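As a plain string of letters, each chain reads:
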Amino acid sequence: MAEDSHVEGNTAEACDDVEEQQGAVRLVYRPEPADTLVGLRVRERIKRTGLLLRGAFLTLWAGQWLLSAVGRGSVELVSTVLFLFVVLVVWGYPRIQAAHVQRTIGWQGEYRATVSAAGMTCRSDHSTLVQKWTVFQGYRETADHFVLVSRDPNIMCLDVLPKRGVRDAGDVDRLRALLERHTTRV
């Protein structure tokens, strides 16, 4: 029992250390599906595997549909409907993933993220996540977001920090400087 309280105390101390550091940037936001979609697109561009597989799958279906139409001399309705369905699924897959992630995290309400020299702490009413910089392989900036990607080969963890969450416009520059100091652009 004593060990449990010791571990809990260390976790609380680590959270406080990250949040109390000078120069920390605080963001307050409510996650939206568009935020997750940006993160998934960044992940796809970095990994490229998903883009290649989806492109190959779509090319094979288009080739099958085209060969079928040329072989028969006319376009078959069932084949065309199936091809359009495949195009819709391939195009919509990232949006389906984003909607699923939103259902998973959206119920937690408002997020309060603190980014400092020690790392990042993200709190909601139901959880607290503390991450050191060593967790991340890097970050990518988009027009409205900073996306931090994990070191694991499959990039299973993404942290999306929407710029709308900062209080002042100068905080975006401070956040960019923190990210550049502690991790790399990918």
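Above this text is the structure in question.
To keep things clear, this report deals only with the structure shown in the data block. (Residues numbered from 1 in each chain as written. Predicted model: local features only at pLDDT ≥ 70, side-chain atom pairs only at ≥ 80, totals over all residues. Heavy atoms only, no water.)

**Focus on the packing of aromatic side chains**
Item 1. Taken as a whole, this structure holds 5 aromatic pairs when the rule is applied.
Item 2. With a centroid separation of 6.5 Å and 65° between ring planes, the pair formed by Phe 57 and Trp 61 is classed as edge-to-face. With Phe 57 and Trp 61 both in helix α3 (residues 49-72) and 4 residues apart, the pair spans about one turn of that helix.
Item 3. A relative accessible area of 41% means that Phe 57 is categorised as partly exposed.
Item 4. Since its relative accessible area comes to 25%, Trp 61 is described here as partly exposed.
Item 5. The ring of Phe 146 is capped by Lys 163, whose NZ or CZ atom sits 5.1 Å from the centre of that ring. (Phe/Tyr/Trp six-rings, centres within 6.5 Å; stacked < 30°, edge-to-face > 60°. Helix = DSSP H or I, 4+ residues; strand = E, 2+ residues; numbered from the N terminus. Buried < 20%, exposed > 50% of the residue type's maximum accessible area, 1.4 Å probe, protein only. Lys NZ or Arg CZ within 6 Å of the ring centre and 35° of its normal.)

**Overview of the layout of surface pockets**
Item 1. Computed from the structure, the largest pocket encloses a volume of approximately 690 Å³.
Item 2. Around the largest pocket, the lining is made up of 27 residues, and of these Val 101, Ile 105, Leu 158, Asp 159 and Val 160 lie nearest the centre.
Item 3. The set of elements that each furnish at least two residues to the lining of the largest pocket consists of α2 (33-47), α4 (77-105), β3 (119-123) and β7 (158-162).
Item 4. Residue composition of the lining of the largest pocket, grouped by class: 16 nonpolar, 7 polar and 4 charged.
Item 5. Put simply, the second largest pocket is a space of about 240 Å³.
Item 6. Taken together, Leu 40, Arg 43, Glu 44, Lys 47, Thr 49, Gly 50, Leu 53, Arg 54, Tyr 93 and Gln 97 form the lining of the second largest pocket.
Item 7. The set of elements that each furnish at least two residues to the lining of the second largest pocket consists of α2, α3 and α4.
Item 8. A per-class count over the lining of the second largest pocket returns 3 nonpolar, 3 polar and 4 charged. (1 Å grid on protein atoms, 1.4 Å probe; cavity = no way out; pocket = protein on both sides within 12 Å on 5 of 7 lines; lining within 4 Å. Points joined across faces, edges and corners; volume = space filled by probe spheres on them. Nonpolar A, V, L, I, M, F, W, Y, C, P; charged D, E, K, R; others polar.)

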